[in-house]
Amino acid sequence: MPILTAEKLIIALKKLSDYMVNPDLEFKNLIWRAQNSNAWFTKDEVERSLNALHKMLNQQDLETWFKDITINKTPKRLGLSLPEISLW
């Protein structure tokens with residue numbers, strides 16, 4: 001049985017969607033830091049982008065997107081090498 005199912009992914013993406021429009025203080029600070037690091041990322045523009053993503057990640061669309069996706073029963077192992085990014 002796969003660790004992740006389509007249903008679990010839909011639930012996770014829906015929770016992410018809700019979090020983007022109801023952020024906690026840490027996420028609000030991240031938005032503020034992004035604006036201070038790059039003038040293109042104004043608070044209003046970031047919030048507008050997050051609202052657009054929230055609208056895209058609605059329950060009906062998520063169910064439609066996932067109905068034709070097959071999730072492997074055997075999870076794949078994947079390694080990532082990511083650079084450290086600092087917004088300070």
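Report follows, based on the coordinates. Keep in mind it's a predicted model, so treat the numbers as computed, not measured.

### Points about the side chain of S17
Then step 1. Assignment of secondary structure puts S17 in helix α1 (residues 6-21).
Then step 2. Classification of S17 as buried rests on a relative accessible area of 0%.

### What about the packing of α1 against helix α4 (residues 59-66)?
Then step 1. Interaxial distance between α1 and α4 falls to 10 Å at its minimum, and their mutual angle equals 145 degrees. The interaxial crossing formed by α1 with α4 has right-handed handedness. Contacts from A6, L9, I10, L13 and K14 in α1 reach Q59, L62, E63 and F66 in α4.
Then step 2. The class makeup of the residues in the contact of α1 with α4 is 6 nonpolar, 1 polar and 2 charged.

### Some details on the environment of S37
Then step 1. Mapped onto the elements of the fold, S37 is located in helix α2 (residues 25-37).
Then step 2. S37 gets classed as partly exposed once you look at its relative accessible area, which sits at 43%.
Then step 3. Sequence separation between S37 and S86 is 49 residues, and the spatial gap between their C-alpha atoms is 9.8 Å.

### So, the environment of I31
Then step 1. Tracing the sequence through the fold places I31 in helix α2.
Then step 2. I31 gets classed as buried once you look at its relative accessible area, which sits at 8%.
Then step 3. If sequence neighbours within four positions are ignored, I31 has contacts with K43, V46 and L50.

### Remarks on the pattern of salt bridges
Then step 1. A complete count under the given rule lists 3 salt bridges for this structure.
Then step 2. Salt-bridge contacts for K14 lead to D18; the nearest nitrogen and oxygen are separated by 3.2 Å. On the criterion of helical spacing, the pair formed by K14 and D18 is a turn pair, its members being 4 residues apart in helix α1.
Then step 3. Among the salt bridges present, the one from E45 reaches R48, with a minimum N-O distance of 2.6 Å. In this pair, E45 and R48 both sit in helix α3 (residues 43-56), 3 residues apart, roughly one turn of the helix.
Then step 4. For E45, a relative accessible area of 34% corresponds to the partly exposed category.

Analysis parameters
Residues numbered from 1 in each chain as written. Predicted model: local features only at pLDDT ≥ 70, side-chain atom pairs only at ≥ 80, totals over all residues. Heavy atoms only, no water. Helix = DSSP H or I, 4+ residues; strand = E, 2+ residues; numbered from the N terminus. Buried < 20%, exposed > 50% of the residue type's maximum accessible area, 1.4 Å probe, protein only. Axes fitted to C-alpha atoms, helices over the stretch in contact; angles between N-to-C directions. Left-handed = near helix turned anticlockwise from the far one by under 90°. Contact = heavy atoms within 4.5 Å. Nonpolar A, V, L, I, M, F, W, Y, C, P; charged D, E, K, R; others polar. Salt bridge = Lys/Arg side-chain N within 4 Å of Asp/Glu carboxyl O.

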